[in-house]
Amino acid sequence: MTGYERLLKRVKQQTLSMKKAQREHTSLLAQTFYLGTLGLLLVLPPVAGAYLGNWLDSLSGGYSIHWTLSLIFLGVVIGAFNVYRFIKD
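Residues numbered from 1 in each chain as written. Predicted model: local features only at pLDDT ≥ 70, side-chain atom pairs only at ≥ 80, totals over all residues. Heavy atoms only, no water.

## Structural notes on the overall build of the chain
To keep it simple, the criterion reads: In this description a helix means any DSSP run of H or I spanning at least four residues, a strand means any run of E spanning at least two, and both kinds are numbered starting from the N terminus. Our radius of gyration looks at C-alpha atoms and nothing else; its globule reference is 2.2 Å times the residue count to the power 0.38. For every residue, the accessible area (1.4 Å probe, protein chains only) is compared with the maximum for its type, and the residue is labelled buried under 20%, exposed over 50%, or partly exposed between those bounds. Here a residue-residue contact requires only that any non-hydrogen atoms of the pair lie within 4.5 Å. Using the Shrake-Rupley algorithm and a 1.4 Å probe, accessible areas are obtained, with residue cover drawn only from the displayed protein chains.
In terms of helices and strands, the chain carries three helices and zero strands. When the helices and strands of the chain are listed from N to C terminus, the series reads α-α-α. Its C-alpha atoms give the chain a radius of gyration of 26 Å, more than 25% over the compact-globule value 12 Å for 89 residues. Taking the principal axes of its C-alpha atoms as reference, the chain extends roughly 90 × 25 × 10 Å. When each of the 89 residues of the chain is scored for burial, the buried share is 12%. Considering only residue pairs separated by 6 or more positions, the chain has 54% of its internal contacts joining residues 24 or more positions apart. Working note: accessible area of the chain is about 7,600 Å², and carbon and sulfur atoms make up 69% of it.

Written out as structure tokens, the structure reads:
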């Protein structure tokens, strides 16, 4: 292999790696959407659990927050699991 062929091969490798890096580069807007999605995945289940628990507690007689607290905790667990699965993929 001559020096010219080695140089040509090296330039092709570097060009391919530069193109790959450019394709994988994420913009600030893409990162913002990613973080926003993570926030929604974490926050929505506890909020939904709070509303559902409050409604269930209102159906029972007297003062009770049993369902509300239970469903908020369940929502936190589900939200954390959602974030884990989203990051894993």
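Moving on from the model shown.
## Here's the deal with the side chain of Asp-57
Formally: In summary, the charge assignment counts Lys and Arg as positive and Asp and Glu as negative, without counting His or the chain termini. Each reported salt bridge corresponds to a side-chain nitrogen of Lys or Arg within 4 Å of a carboxyl oxygen of Asp or Glu.
Counting through the fold element by element, Asp-57 comes out in helix α2 (residues 28-59). No salt bridge is formed by the buried Asp-57; the nearest opposite charge belongs to Arg-85, separated by 27 Å. When sequence neighbours within four positions are dropped, the list of residues in contact with Asp-57 reads Ser-64, Ile-65, His-66, Trp-67 and Thr-68.

## Here we look at the side chain of Thr-68
Test applied: In protein, a polar contact means a hydrogen-donor-capable atom and an acceptor-capable atom, both N or O and within 3.5 Å, with residues adjacent in sequence counting only if both atoms are side-chain atoms; elsewhere, any N or O pair within 3.5 Å suffices.
As for its position among the elements, Thr-68 is in helix α3 (residues 66-88). At 3.2 Å, the side chain of Thr-68 and the backbone nitrogen of Asn-54 are in polar contact. Ignoring sequence-local partners within four residues, the contact set of Thr-68 consists of Gly-49, Ala-50, Gly-53, Asn-54 and Asp-57.

## Focus on the packing of α2 against α3
Worth spelling out the cut-off: For helices, the fitted axis covers only the stretch in contact; all axes are lines through C-alpha atoms, and the angles between them, taken along N-to-C directions, range from 0 to 180 degrees. For classification, angles of less than 35 degrees are called roughly parallel, those exceeding 145 degrees roughly antiparallel, those between 65 and 115 degrees roughly perpendicular, and all remaining angles oblique. Here a crossing is taken to be left-handed if its near helix is turned anticlockwise relative to the far helix by less than a right angle, and right-handed if that turn runs clockwise. Classification used: nonpolar for Ala, Val, Leu, Ile, Met, Phe, Trp, Tyr, Cys and Pro, charged for Asp, Glu, Lys and Arg, polar for all others including Gly.
Running from amino to carboxyl end, α2 crosses α3 at an angle of 160°, the nearest separation of the two axes being 7 Å. Judged on the interaxial angle alone, α3 and α2 are roughly antiparallel. The two elements α2 and α3 cross, and the hand of that crossing is right-handed. Here the residues of the contact of α2 with α3 sort into 18 nonpolar, nine polar and one charged.

## Quick look at α2
We count it as follows: How far a helix is expected to stretch is found by multiplying one less than its residue total by 1.5 Å. Bend, in this description, refers to the angle at a residue between axes fitted to the seven residues ending there and the seven starting there.
The end-to-end C-alpha separation of α2 is 47 Å, in line with the 46 Å expected for 32 residues at 1.5 Å each. Maximal helix bending in α2 amounts to about 25°, located at Val-43; proline Pro-45 follows within four positions. Of the surrounding elements, those touching the buried residues of α2 are α3.

It is worth stressing that arrangement in space is one thing and function is another; only the former is reported here.
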